[in-house]
Amino acid sequence: MSLGTAFRSLIKPARGLLASSEPALKRSYAAVAEAKAVLEHELDSIRAAGTWKAERIITSKQGPQINVEGSRGSILNFCANNYLGLSSHPEVVQAGIDALKTHGAGLSSVRFICGTQNLHKNLEQKLAEFHEREDCILYASCFDANAGLFEVLLGPDDAVLSDELNHASIIDGIRLCRAKRLRYKHMDLSDLEVKLKEAQSSRMRLVVTDGVFSMDGDVAPLRGICDLAERYGAMVFIDECHATGFLGPRGRGTDELLGVMDRVQIVNSTLGKALGGAAGGYTVGPKPLIDLLRQRSRPYLFSNALPPPVVGCATRAVELLLASNEIAQSMTAKTMRFRNKMTQAGFTIAGSSHPICPVMLGDARLASLMADDMLQHGIYVIGFSYPVVPKGKARIRVQISAAHTDDDIDHCVDAFIQTGRKHGVVS
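The present account deals with the structure reproduced in this document.

Definitions and limits used
Residues numbered from 1 in each chain as written. Predicted model: local features only at pLDDT ≥ 70, side-chain atom pairs only at ≥ 80, totals over all residues. Heavy atoms only, no water. Pairing = 2+ DSSP bridges. Helix = DSSP H or I, 4+ residues; strand = E, 2+ residues; numbered from the N terminus. Salt bridge = Lys/Arg side-chain N within 4 Å of Asp/Glu carboxyl O. Buried < 20%, exposed > 50% of the residue type's maximum accessible area, 1.4 Å probe, protein only. Core = buried A, V, L, I, M, F, W, Y, C linked by side-chain atoms within 4.5 Å. Axes fitted to C-alpha atoms, helices over the stretch in contact; angles between N-to-C directions. Parallel < 35°, antiparallel > 145°, perpendicular 65-115°, else oblique. Left-handed = near helix turned anticlockwise from the far one by under 90°. Contact = heavy atoms within 4.5 Å. Nonpolar A, V, L, I, M, F, W, Y, C, P; charged D, E, K, R; others polar. Expected span 1.5 Å × (residues − 1). Phe/Tyr/Trp six-rings, centres within 6.5 Å; stacked < 30°, edge-to-face > 60°.

1. Observations concerning the sheet that holds strand 13 (residues 379-380)
- Taken in spatial order, the 3 strands line up as 1-2-13 in an open sheet, and their pairing is mixed. A strand with exactly one partner marks an edge of an open sheet, and here the two such strands are strand 1 (65-66) and strand 13.

2. Description of the pattern of salt bridges
- A complete count under the given rule lists 23 salt bridges for this structure.
- Across the pair Arg 111 and Glu 124 runs a salt bridge whose closest N-O atoms are separated by 3.2 Å. Linking Arg 111 in helix 3 (residues 111-115) with Glu 124 in helix 4 (residues 118-131), this pair joins segments that are 13 residues apart in sequence.
- For Arg 111, a relative accessible area of 7% corresponds to the buried category.

3. Describing the nonpolar core
- Judged by nonpolar contacts, the single largest core of 56 residues is most densely connected at Leu 127 and Leu 271.
- With 8 residues, helix 12 (residues 308-323) is the largest single contributor of residues to this core.
- In terms of nonpolar packing, the next biggest core, distinct from the first, is built from 28 residues, Ile 349, Leu 361, Ile 379 and Val 398 among them.

4. Quick notes on the packing of helix 15 (residues 364-376) against helix 16 (residues 406-422)
- For the pair helix 15 and helix 16, the least separation of the axes is 10 Å and the interaxial angle reads 130 degrees. Put simply, helix 15 runs oblique to helix 16. In this structure, the crossing between helix 15 and helix 16 has a hand that is right-handed. For the pair helix 15 and helix 16, the contacting residues are Met 370, Asp 373 and Met 374 in the first and Cys 412, Ala 415, Phe 416, Thr 419, Gly 420 and Lys 422 in the second.
- Residues that form the contact of helix 15 with helix 16 fall into these classes: 5 nonpolar, 2 polar and 2 charged.

5. A few points about helix 8 (residues 222-231)
- Regarding helix 8, the residues found buried are Leu 222, Gly 224, Ile 225, Cys 226, Leu 228 and Ala 229.
- Next to the buried residues of helix 8 lie strand 5 (180-184), helix 7 (189-198), strand 6 (205-210), strand 9 (235-239) and helix 9 (254-257).
- Within two residues after helix 8, Gly 233 carries a phi angle of roughly 65 degrees, on the positive side.

6. Overview of helix 16
- Over its 17 residues, helix 16 extends 25 Å from the first C-alpha to the last, a length consistent with the 24 Å expected when each residue adds 1.5 Å.
- For helix 16, the complete set of buried residues consists of Asp 408, Ile 409, Asp 410, Cys 412, Val 413, Ala 415, Phe 416, Ile 417, Thr 419 and Gly 420.
- On its buried face, helix 16 is in contact with strand 2 (75-77), helix 14 (331-344), strand 12 (356-362), helix 15, strand 13 and strand 15 (394-399).
- Backbone geometry just downstream of helix 16 places Gly 424 in the positive-phi region, at approximately 75 degrees.

7. A look at the packing of aromatic side chains
- This model, assessed by the stated rule, comprises 5 aromatic pairs.
- Taking 5.4 Å as the distance between ring centres and 65 degrees as the angle between the ring planes, the aromatic pair formed by Phe 150 and Phe 237 counts as edge-to-face. Here Phe 237 lies in strand 9 and Phe 150 lies in helix 5 (residues 142-153), a separation of 87 residues in the sequence. The residues Phe 150 and Phe 237 share a single accessibility class, namely buried.
- Centroid distance Phe 338 to Phe 416: 6.4 Å. Interplanar angle 65 degrees. Geometry classified as edge-to-face. Residue Phe 338 is located in helix 14, and its partner Phe 416 is located in helix 16; the two are separated by 78 residues in the primary sequence.
- Overall, Phe 338 belongs to the buried group, its relative accessible area being 0%.
- On the accessibility criterion, Phe 416 (0% relative accessible area) is buried.
- Through pairs of rings, three or more aromatic residues link up here, namely Phe 338, Phe 347 and Phe 416.

As structure tokens, this is what we get:
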């Protein structure tokens, strides 16, 4: 047999295989095309509703003033969760650099294999001290902390009672557990009591609430919640992402602000907002709970350890707050300056005294257009609309930082007035 004949004898079966697979390939291509059409239709509907969330590109470090791609000069940032201005604090940044040099870029592993460094244990100890709790466990994010808690703590014989407006990560975390789920009306103590009565046959009862509800700046009625929990034999959990570092006389959070630190059993919070602004979350609470989370919490067991630079930055941020409450105390006057001036100008501001100051507009498209116009006035804010907030509740969420000056705040208010007049929101 010649070489050419042998080659042709090999090619014929291959051609047969290709020919037989053509219908399957066509079906596969058709399925992909159909999926793309469905997705494009969904995307078009988002654009048509005016709720498209474009990501602006920042070309500088986070801070009260930033550089934004497409804009000239520096822009005043009134949209970040950088409550204390620590994201670019020189000592916080240097601590991250030092940790990078001494402990490397990352651990390439989860904590129980070879991902725990002395840096992690030191930060956990300082966070437990900061919150005045027995122990602490770190996560890659507070979303992970919320996802990892409830299925470990609660079983089918238990009950969880959750505020209807709790953060999405709490909702998702509760879905993972097998406990009986009861949802009470937002900050409604009467409805919570009804639900607690329903849960009396359960082995354990856990009341779950945001300390501060991030969309509206509402502060949970923790005194009343703790009173009811004690009356009906329940524990209390709070998510403190929008309170840790700046609420309360020493910045310890909502539980300190309302005088119930010794009555709240479990606190989850973040390193990604006031405490340096990088990444990471944690749970603080009784040591047996923290020990159990280390053994069974899936986001902890199956996620890489926090990178050393992130841990270094967060540790220095916590140390600064442990040493002084000066930064935390500066927030109140600045927050009230903005709220009072905006209210006097005719705007509706949700919440009460929290640095989250939602400028309520109602219409999603209006919120987006006004936010774009504000950028032209040198102010970085973002319109919030469904599904981040309920339909008909669109707003521009302004966030005051300790790093903002009075002149910064006044400039922001003036820009809102000009933009609001343009769109008929204020006269």
